[in-house]
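Listed below are the residues making up each chain.
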Amino acid sequence: MEIFNHNANVNFLGMRKFSVGIAILLMVASIALIAVKSLNYGLDFTGGVSLVMDYDQPVQVGDVRDALEKGGMEHAVVQSMGGTKEVSIRLQPKDDPQSGVANGGKVNLDKIADDVTKTLQAARPDAKLKSRDYVGSAVGEELRSDGIVAAIVVMLGIGLYLGIRFEWRFAVAAIATEAHDALVTVGIFALTQREFDLTVLASVLAVIGYSINDKVVVFDRVRELFRLARKAEPEEILNRSINNTLSRTIITALFTGITMAALYFFGGPAVHGFAITMLIGILVGTLSSIFVASPILLWLGVSKQDLMPKTKENPELARRP
Amino acid sequence: MSDFPRWKYALVAIVLVLGIVYALPNVFLPVPAVQITANRNGTVDQALEQKVSDALKKASVASTGIELNGDHLLASFANPDVQKSASDAIKAALGDDYTVAFNLKSTVPHWLTTIGAKSMPLGLDLQGGVHFLMQVDQDDVIDKQETRYADDIRSLLREKNIRYDSVVRNAQRGQGVSVVLKSAEDRTAAANVIAADYPDLTLTDGPATGDRFPINAVVRPDKLRELSVNTIRQNLGTLRNRINALGVSEPIIQQQGESRIVVELAGVQDTAEAKKIIGATATLEYRSGYGTPQQAIDAARSGIVPPDARLYKDRDGRPYLLSKNIIVTGDQLVDASSSFDQQSGSPAVSVTLNTAGAKKMLDFTTGNVGKPMGVVYVERVVDTKVVDGKEVRTPKITEEVINYATINGVFGKNFQTTGLRSPKEASELALLLKGGSLAAPVDIVEERVIGPSLGQDNIAKGLRAVTLGLALVLLAAAFYYKLFGLVADVALFFNLVILIAVMSAVGVTLTMPGIAGIVLTLGMAIDANVLICERIREELRNGSSPHAAIRAGYDKAWATILDANVTHLIAALALTTMGSGPIKGFGVTLLIGILTSMFTSVTVTHAITALIHGHRKLKTLSV
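Counting restarts for each chain: residues are numbered from 1 in the order of the written sequence. Think of it this way: whatever chain is written first is A, whatever ligand is written first is 1, and the rest follow in order. Selection of residues for local features in this predicted model requires a pLDDT of at least 70, selection of side-chain atom pairs for listing and counting requires 80 or more, and totals for whole chains, interfaces and linings are taken over all residues. Side-chain measures were taken over the full set of non-hydrogen atoms in the model, leaving aside hydrogen atoms and water.

A. Molecular detail of the overall build of chain B. Under the scheme used here, helices are H or I runs from DSSP no shorter than 4 residues and strands are E runs no shorter than 2 residues, and both carry numbers assigned from the N terminus. A count of helices and strands for chain B gives 16 helices and 20 strands. Residue exposure (1.4 Å probe, protein chains only): buried if accessible area is under 20% of the type maximum, exposed if over 50%, otherwise partly exposed. Residue burial in chain B is summarised as follows: out of 623 residues, 50% are buried. Contacts were defined at the residue level, with two residues in contact if any of their heavy atoms lie within 4.5 Å. Within chain B, contacts between residues at least 6 apart in sequence are counted, and of these 72% link residues at least 24 apart. Areas reported as accessible are Shrake-Rupley estimates using a 1.4 Å probe. Residue values count occlusion only from the protein chains shown. For chain B, the accessible area works out to roughly 28500 Å², and carbon and sulfur atoms hold 56% of it.

This is how it looks when you write it as structure tokens:
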């Protein structure tokens, strides 16, 4: 079975001004969104309030979560503790619609504890507050900068490898599109104000990995076709490369997408953020592999000469007939 | 077809068998157990085993086995509920001499463990673990700081030749240091030099009486706040180091409130061992020697200690007099490693000090060659006792002279501490010192074992996501690439098995982000097969014969697969080495997954393809 017409020769490069224009627009919009709306950082980043509730009768973690959601506290982290009658709830002050953090700016621990207790007692009268405390953030300053360093090292490492294995133009194109993919993915988080926690951060870094994988496959074909072609018109070669790898690009995106969708729907709330980020990243990465990476190569002026295998000056070989 | 050499078949077969064997332990789920370890006064022996089994019988709790395991006793139970009541019964029967803790008992068969096969440890989110809440002793920070300022001011005045009557800490904590000068001129001079050298002190003149001209030096509140913030930060770092030494992966160590630290250790159910490492604060103090050995013996006998000295003992009970002034403490220590003294061959600890510490050590040794110096080992353990139904915590401080020797020469940054009893003692001391000393002592104020119920819920969900994702991809691949898709499916399945085998063998802690990593790896692993299949299709379209198409498909796709995977590998490597927490766990999974998937999706599929198509004449390919 084949979905794609293998004779298709869509002129992807022909729409390069349009497609790259959109990409740049998306990037600028993402940066603006991140700057203006900022990310909705999760407890991992911001810290918050930790409460322990005690029930007279055994309670299900899911029920507690439902009760909190009904009260408008949607992002609370609920975990069972010790036995079946104790749960720990961690939440950010802003999750509590009544806490009024926005006006005061200062967290009123008593008020939040009170609100949560009332909300839970509305569902189960036997809920009692056992203890309450502030929580620091799991992601310390150093860890946050570690994440940024990791992302930069990833990009440099990949750039270096591509520079050696291919050519510097490929490294530049790859890093530019990677930055685009990561930015746009984070930008969508800023737009939707979904919670940005540590697993989401891990996922954004994974998006970089996926996206580079995707680009390298196209680049590899570009190199192969350039080397094979006698008369190499860059635009034509690039177009052919995208078309030749198109079915693979989309099938792989679909397959990976399927697993991430399974994770999203059945993996439970702990991996929701991860799965949704990957789904966004796969979409963005696939589109940029098709529409953005190659035009950059073209503009950088990739040519057949750049890609011929480097023959070393070998006097031994030169002497041979 | 001799496309595929025999040794490669053998390699594939061996790896697959090894993969299955080493993944196997994960099938045997651990059972809930109660672990009993002896405190100082208890012994673990057959009698204890009898006592425990009697206690369980009396409480009519059924155990599935009691096992004597070296220094601890492990009783296993059918489910967590039984485990809980069993723990209560055992605690009541044994009293304070034993630590009774929840644990998990492995059910992996003996033959598997003997070949080193073990199951993956599960993270806190998957199986629960220990949760500690620790209180940082801020008073101690202020005490230390004020004492240090007093010492510093004293030596500053001496250095500047300003005569003083006394420099002492005020009796009340936080009230600073009282400096008494002999004249008004001295007081002005002293105030000037102190203000110049220590801008963090607020100086106020006290009422002058006769020849007493006091200045009160109080540490500025913002400096104190900064100190307490730094203390917490240093303690967090130190705890992180120590816990890393424990070998717990993905621990959570975070600040809570002003002076509390939360530590969560996944997979650790043995609270006693964790507490020993986390709770113990060990540090060294280098103090100058005082008086003669005879004076020390006299002081020990009479109980009269000179005002400038303190009486210490070594492990054998020999008394030593050391100066009250500390030259250098453990928090000025940068590195410590165990070694052997080159002259005597006895175990030693090599110590490196920071610049401030090095300067002090240099200053001291310069003026004191030929005089004795003592090294005091200070360990602080908090004892918890229940008195009248209330928990009473008493910090117990053990101070011991571990080394008392004559200073042979001037030294600063690097030097050795000799006179340790055994290499083991030296390495333990080095580990504790290198872990960083805690800037302030911590007491464990709350300790909880997090129940596995949430974990079971998460495991069930994770398992469902893995199987469903896998099933969908298998179906899609078989549907889209037919026979070649089926071959890829077999390889993908084995990829999962080998991935789990490697993760188990390496000892990667499985967490929810780790499961997400596995699922992602499965999704991306199929990419190599997609590349191969698409290539084979292309070759067939271009008119190649089936065998040639397979050969060319694998050959040409390999270069692409390699480039794509190496770049991906670089990303995974960066996540693994530079990330922390879930990022690291996810990175490790990704790293292993990329490597295993390269093997299964290229070599394994090639082997199977060669087996199927190898000796037949082919007209068409099912791809």
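B. Structural detail: the confidence of the model for chain B. All names here are of chain B. Confidence of the predictor at the level of single residues is captured by pLDDT, which takes values from 0 to 100. Predicted confidence across chain B gives a mean pLDDT of 82, with 88% of residues reaching 70 or more. Ranking the elements of chain B by mean pLDDT puts helix H9 (residues 271–279) last, at 64, and helix H1 (residues 6–23) first, at 93. Across the predicted assembly, pTM comes out at 0.69 and ipTM at 0.83.

C. Local environment of the interface of chain A and chain B. In this assembly, 69 residues from chain A lie in contact with 61 residues from chain B. Here the quantity called buried area is the accessible surface, traced with a 1.4 Å probe, that two parts lose on coming together, added over both. For the pair chain A and chain B, the two sides together bury roughly 5700 Å², of which 66% comes from carbon and sulfur. The salt bridge criterion pairs a side-chain nitrogen of Lys or Arg with a carboxyl oxygen of Asp or Glu, the two atoms within 4 Å. Along the contact surface separating chain A from chain B lie five salt bridges. With a closest N to O distance of 2.9 Å, Asp563 of chain B and Arg223 of chain A form a salt bridge. Polar contact criterion, stated in full: a pair of N or O atoms within 3.5 Å, where within protein one must be able to donate a hydrogen and the other to accept it, and residues adjacent in sequence count only if both atoms are side-chain atoms. Along the contact surface separating chain A from chain B lie 11 residue pairs in polar contact (both at pLDDT 80 or more).

D. Up close: the pattern of salt bridges. Residues and elements named next belong to chain B. Tallied over the entire structure, the rule returns 32 salt bridges over all chains. For Arg169, the salt bridge identified is with Glu146, shortest N-O distance 3.1 Å. One end of the pair, Arg169, is in strand S6 (residues 164–169); the other, Glu146, is in helix H6 (residues 138–159), and 23 residues separate them in sequence. A relative accessible area of 2% places Glu146 in the buried class. Beyond isolated ion pairs, a larger network of salt bridges with shared partners links Asp139, Asp143, Glu146, Arg169 and Arg173.

E. Layout of a negative patch on the surface. Residue and element names in this part refer to chain A. There is a patch of like negative charges on the surface, built from Asp63, Asp66, Glu69 and Glu74. Secondary-structure assignment places Asp66 in helix H3 (residues 61–70). The class for Asp66 is partly exposed, based on a relative accessible area of 43%. Residues form patches when they are more than 30% accessible in relative terms and have no salt bridge. Like charges link within 9 Å. Nonpolar side chains (Val, Leu, Ile, Met, Phe, Trp, Tyr) link within 5 Å. The sign given to each residue is positive for Lys and Arg and negative for Asp and Glu; His and the chain ends receive no count. To locate a charge, take atom NZ for lysine, CZ for arginine, CG for aspartate or CD for glutamate.

F. The arrangement of the UniProt feature "transmembrane region" (unreviewed entry) in chain A in detail. Residue and element names in this part refer to chain A. Mapped onto this structure's residue numbering, the UniProt feature "transmembrane region" (unreviewed entry) falls at residues 18–36, 147–164, 249–267 and 273–302. Secondary structure across residues 249–267 comprises 95% helix and 0% strand; the distance between its end C-alpha atoms is 26 Å. As annotated, residues 273–302 has a helix share of 90% and a strand share of 0%, and its two end C-alpha atoms lie 39 Å apart. UniProt positions are given in the numbering used here, feature names are shortened, and annotations may be inferred rather than shown by experiment.

G. Broad picture of the nonpolar core. Working definition of a nonpolar core: buried Ala, Val, Leu, Ile, Met, Phe, Trp, Tyr and Cys residues. They are joined through side-chain atoms within 4.5 Å. The biggest cluster of nonpolar side chains holds 124 residues, and the ones touching the most others in it are Leu162, Phe196, Leu263 and Met278 of chain A together with Leu520 of chain B. In terms of residue count, the dominant contributor to this core is helix H8 (residues 198–228) of chain A (18 residues). Excluding residues within four positions of it along the chain, Leu162 of chain A makes contact with Glu167, Phe170, Ala171, Ala174, Ile212 and Val216 of chain A together with Thr567 of chain B.

H. Just the pairing of strand S10 (residues 252–256) of chain B, in detail. With five bridges joining them, S10 of chain B and strand S11 (residues 260–266) of chain B adopt antiparallel strand pairing. Looking at S11 of chain B, one finds that Ile252 of chain B is bridged to Glu264 of chain B. Two strands are counted as paired when DSSP detects at least two bridges linking them.

I. Representation of the packing of aromatic side chains. Pairing of aromatic side chains requires ring centres within 6.5 Å, counting the rings of Phe and Tyr and the six-membered ring of Trp. Pairs whose planes differ by under 30 degrees are stacked, by over 60 edge-to-face, and all others tilted. The tally for this structure, following the rule as stated, stands at 13 aromatic pairs over all chains. Plain terms: the ring middles of Tyr480 of chain B and Tyr481 of chain B are 4.8 Å apart, the flat faces sit at 80° to each other, and that makes the pair edge-to-face. By relative accessible area, Tyr480 of chain B is classed as buried at 4%. Overall, the relative accessible area of 2% leaves Tyr481 of chain B in the buried class. Their ring planes at 65° and their centres at 6.1 Å tell us that Phe493 of chain B and Phe494 of chain B sit as a pair that is edge-to-face. Ring-pair connections join several aromatic residues into one group, and the members of that group are Tyr41, Phe189 and Phe196 of chain A. The rule is short: NZ of Lys or CZ of Arg within 6 Å of the ring centre and within 35 degrees of the ring normal puts a charge over the ring. The ring of Phe166 of chain A has Arg223 of chain A sitting right over it, with the charged end atom 4.1 Å from the ring centre. Above the plane of the ring of Tyr480 of chain B lies Arg537 of chain B, whose end atom (NZ or CZ) is 4.7 Å from the centre.

J. Structural context of the sheet that holds strand S7 (residues 177–181) of chain B. Residues and elements named next belong to chain B. Pairing is antiparallel in the open sheet, where four strands are placed in the order S6-S7-S9-S8. The open sheet has two free edges, formed respectively by S6 and strand S8 (201–205), since each of these has just one partner strand. Averaged over all pairs of adjacent strands, the angle between their axes in this sheet comes to 20°, without regard to strand direction. Sheet contacts for helix H7 (residues 184–197): S7, S8 and strand S9 (213–219); angle to S9, the most-contacted strand, approximately 15°. For helices, the fitted line uses only the C-alpha atoms of the stretch in contact; every axis is such a line through C-alpha atoms, and the angle between N-to-C directions lies from 0 to 180 degrees.

K. Structural detail: a nonpolar patch on the surface. A contiguous nonpolar patch, built from Val10, Met15, Phe18, Ile22 and Leu26 of chain A and spanning about 430 Å² of accessible area, is present on the exposed surface. Mapped onto the fold, Met15 of chain A is located in the segment before helix H1 (16–36).

L. Seen up close, the confidence of the model for chain A. All names here are of chain A. Mean pLDDT for chain A: 83, with 85% of residues reaching 70 or above. Here helix H4 (residues 101–104) stands out as the least confident element of chain A, with mean pLDDT 44; H1 is the most confident, with 95. Here residues 101–106 is modelled with pLDDT under 50, and outside its nearest four sequence neighbours on either side it reaches three contacts, counting other chains as well.

M. Geometry of the side chain of Asp186 of chain B. All names here are of chain B. With respect to the helices and strands, the residue Asp186 is situated in helix H7. Buried charge without a salt bridge: Asp186, with Arg163 as the nearest opposite-charge side chain at an N-O distance of 4.7 Å. Leave out the neighbours within four places in its chain, and Asp186 touches Ile162, Arg163 and Leu181.

N. Here's a closer look at helix H9 (residues 234–266) of chain A. Residues and elements named next belong to chain A. Here H9 is 33 residues long and its end C-alpha atoms lie 46 Å apart, about the 48 Å a rise of 1.5 Å per residue gives. At any given residue, the bend is defined as the angle formed between two axes, one fitted to the seven residues that end at that position and one fitted to the seven that begin there. Taking the largest bend as the criterion, H9 deviates by roughly 50°, centred on Thr245. Directly beyond the C-terminal end of H9, a positive phi value near 85° is found at Gly268. Helix span, as expected, comes to 1.5 Å for every residue beyond the first.

O. Spatial organisation of the environment of Asn40 of chain A. Residues and elements named next belong to chain A. Note on placement: Asn40 falls in strand S1 (residues 40–41). Distance in space between the C-alpha atoms of Asn40 and Leu191 is 9.6 Å, their sequence separation being 151 residues. Only 2.9 Å separates the side chain of Asn40 from the backbone oxygen of Gln193, close enough to count as a polar contact.

P. Here's a closer look at the packing of helix H7 (residues 168–192) of chain A against H8 of chain A. All names here are of chain A. Running from amino to carboxyl end, H7 crosses H8 at an angle of 145°, the nearest separation of the two axes being 9 Å. Crossing angle aside, the handedness with which H7 passes H8 is right-handed. When H7 is examined against H8, the residues Phe170, Ala173, Ala174, Thr177, Glu178, Asp181, Ala182, Thr185, Val186 and Phe189 are found in contact with a partner set consisting of Val200, Val204, Val207, Ile208, Ser211, Ile212, Lys215, Phe219 and Val222. By the convention adopted, Pro, Cys, Tyr, Trp, Phe, Met, Ile, Leu, Val and Ala count as nonpolar, Lys, Arg, Asp and Glu as charged, and the other residues, Gly among them, as polar. By residue class, the composition of the contact of H7 with H8 is 13 nonpolar, three polar and three charged. In this scheme the handedness of a crossing depends on how the near helix is turned from the far one: anticlockwise by less than a right angle means left-handed, clockwise means right-handed.

Q. Looking closely at the environment of Arg6 of chain B. All names here are of chain B. Here Arg6 is to be found in helix H1. Judged by relative accessible area, Arg6 falls into the exposed class, the value being 74%. Distance from Arg6 to Ala607, taken between C-alpha atoms, is 9.6 Å for residues 601 residues apart in sequence.

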